[in-house]
Protein chains: 2
Amino acid sequence: MSQWITENQSAHLRLSAEVDKVLFSGESQFQKIEVAHSLEYGNMLVLDGVFQTSEKEEFVYHEMMSHVPLFLHPNPKNVLIIGGGDGGVARECVRHDCVEKVTMVEIDGKVVELAKQYLPTIADAMIRQDPKLTVKIGDGIGFMAQADNEYDVIIVDCSDPIGPGEGLFTKEFYANVHKALKADGLFVQQTESPVMHKPLVEKVFGYVRDQFAMARLYTAYIPIYPTGMHCFTMGTKTYDPLTFVPNRERTFTTKYYNEKIQTAAFALPNFVKEYLLKK
Amino acid sequence: MSQWITENQSAHLRLSAEVDKVLFSGESQFQKIEVAHSLEYGNMLVLDGVFQTSEKEEFVYHEMMSHVPLFLHPNPKNVLIIGGGDGGVARECVRHDCVEKVTMVEIDGKVVELAKQYLPTIADAMIRQDPKLTVKIGDGIGFMAQADNEYDVIIVDCSDPIGPGEGLFTKEFYANVHKALKADGLFVQQTESPVMHKPLVEKVFGYVRDQFAMARLYTAYIPIYPTGMHCFTMGTKTYDPLTFVPNRERTFTTKYYNEKIQTAAFALPNFVKEYLLKK
């Protein structure tokens, strides 16, 4: 029997997907979790009522979170992922030949377990226990606070700044990210929609600009996220995506990312530039 | 009293907007028309149940439909708009100093009338009867068939390929567009979402490639359209957007468009390139 699951994208906007099977519905220690098979996008993960990822369009988010920072760095070896419990970012990171070690710190073990069970194409690197990958179940904020001069690239694949993700959008957190990175390191974090979540985007961009030599924003089309326009905030110590020149070959295929997208994603519409760069 | 209006974006996906006032609901000779005040996006125009435009995000669509083709042409003087009844594309076209004449042919006079009444910021050029602009109520397909070697730029601002817009997505129509353009002319048409409407995008791209020296596709973020990823198909006789170099100054401000977007919008994700360029 078919039914609809709905995300309240804002107080005044809703996206609803028809599902023919609810695969899991329950509560973890941290959040409400649902996995359902949607007719439009395949299996979907929903946390606290918010659509997180789906089998059919996950490649956009996971490729853009991973390959944009990793190709900007000329030789990333040690990568840290905070969050990313579905395993999609880890799957993309281990594909880079130069990457030797990927550490993923996800707070909610239940998300990892359910992703392995119901989102196997996304959780692929976790399921086959890729030798480069270490999955830790624990608090990413505390983990970051203890790291020092260790990582080439850090990817903060968090949920929204409500619930367990809240502490990942603070000034203190970005100071710790900066400290955890090597001298030429860089990081990226998903920061919602520049159309709908302007205050958040503006706030994070300000924090990152204060902490890093450069703050940059890029965008990608994510069909299941509010407004479809999703942005990623980058803090970088040395390498500037605005003057990027490809420095190594891509040895694997992608469905969204390519070398033109690497640069084009940083071309921001005027309404975004205006509020980001006004200071 | 608040209520919700819903678009069935596909058989399995719905977008709903809360509205506090229905301003108009009725039938024209051609389609069902609704205008309502939505809390998220301001006044919205809905045709046959499909969200067309809204006060708060219309600038994306209208700027990208107008300025991308107009700035690609080094000296557009005579512009034809097919459809575009809300007046947004006309408003943007008349802002170009070099443009001398804009002719708009909209089939549904009721849309023009309602836009003037309820979407005045969009209908601006029609309301103040801009001296460059001529609005004709009539059949764009027939109009195009009679035109010969007249226009520098043609913009097909149509609704979906069901209802009155159907004949604007045929081989014959593109042959007539080609004939209506001058020897160095170019045209652009909205062609839905590359994620959700792949068969349409692929079909139109094939037709345009057969008819024109070059077929090109570009994208923009339209929050109220399915998947948020919207594409525009361009047919051009001489000027190639992929090797574009700015050739004149922009003398007006924009909210979305800028010179980097002009080029970046043509950077296509691999999944789109693959199905477009496979032949």
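Since this is a predicted model, take the numbers as computed values, not measurements.

Conventions adopted
- Residues numbered from 1 in each chain as written.
- Chains lettered and ligands numbered in written order.
- Predicted model: local features only at pLDDT ≥ 70, side-chain atom pairs only at ≥ 80, totals over all residues.
- Heavy atoms only, no water.
- Helix = DSSP H or I, 4+ residues; strand = E, 2+ residues; numbered from the N terminus.
- Buried < 20%, exposed > 50% of the residue type's maximum accessible area, 1.4 Å probe, protein only.
- Contact = heavy atoms within 4.5 Å.
- Areas by Shrake-Rupley, 256 points an atom, 1.4 Å probe, with all protein chains shown as cover.
- Lys, Arg positive; Asp, Glu negative; His and termini not counted.
- Charge placed at Lys NZ, Arg CZ, Asp CG, Glu CD.
- Core = buried A, V, L, I, M, F, W, Y, C linked by side-chain atoms within 4.5 Å.
- UniProt positions renumbered as here; feature names shortened; annotations may be inferred.
- Salt bridge = Lys/Arg side-chain N within 4 Å of Asp/Glu carboxyl O.
- Pairing = 2+ DSSP bridges.

Colleague: Sorry, what's going on with the overall build of chain A here?
Modeller: In terms of helices and strands, chain A carries nine helices and twelve strands. Counting only C-alpha atoms, chain A reaches 55 × 45 × 35 Å along its principal axes. Going through the 279 residues of chain A one by one, you find that 63% of them count as buried. For chain A, contacts bridging at least 24 residues in sequence account for 67% of all contacts bridging at least 6. Accessible surface for chain A amounts to roughly 10400 Å². Of this, 50% is attributable to carbon and sulfur atoms. Counting 28 positive and 36 negative side-chain charges, chain A places the averaged centre of each group 4 Å from the other.

Colleague: When you look at the nonpolar core in this model, what are you seeing that I'm missing?
Modeller: Across soluble globular proteins, nonpolar side chains show a tendency to be buried alongside one another. Counting residues in hydrophobic clusters, the biggest one holds 196 residues, and the most contacted among them are M64 and I154 of chain A together with M64 and I154 of chain B. In contact with I154 of chain A, other than residues within four places in its own chain, are L80, M144, V177, A180, L181, L186, F187 and V188 of chain A.

Colleague: What is the right way to look at the UniProt feature "active site" (unreviewed entry) in chain A in this model?
Modeller: Residues and elements named next belong to chain A. As annotated by UniProt and renumbered to match this structure, "active site" (unreviewed entry) occupies D157. Following the sequence through the fold, D157 ends up in strand 9 (residues 151-157). Once residues lying within four places of it in the same chain are set aside, the contact partners of D157 are Y61, M65, I81, I82, G83, G84 and V89.

Colleague: Any chance you could explain the pattern of salt bridges here in plain terms?
Modeller: If charged atoms from side chains of opposite charge come close, those side chains can pair. Summed over the entire model, instances satisfying the criterion amount to 20 salt bridges over all chains. A salt bridge links E113 of chain A to K110 of chain A; its shortest N-O distance comes to 3.0 Å. On the criterion of helical spacing, the pair formed by E113 of chain A and K110 of chain A is a turn pair, its members being three residues apart in helix 3 (residues 109-118). Given the relative accessible area of 42%, E113 of chain A is considered partly exposed. For E58 of chain B, the salt bridge identified is with R91 of chain B, shortest N-O distance 2.8 Å. Taken together, the residues E58 of chain B in helix 1 (residues 58-72) and R91 of chain B in helix 2 (residues 88-93) connect sequence positions 33 residues apart. Overall, the relative accessible area of 5% leaves E58 of chain B in the buried class.

Colleague: So what exactly am I meant to see when it comes to the pairing of strand 1 (residues 3-10) of chain A here?
Modeller: Residue and element names in this part refer to chain A. Bridge analysis of strand 1 against strand 2 (residues 13-27) gives seven bridges, and the strand direction is antiparallel. Looking at the pairing, Q3 lines up with V19 of strand 2. Here strand 1 folds back onto strand 2 in antiparallel fashion, the turn holding two residues.

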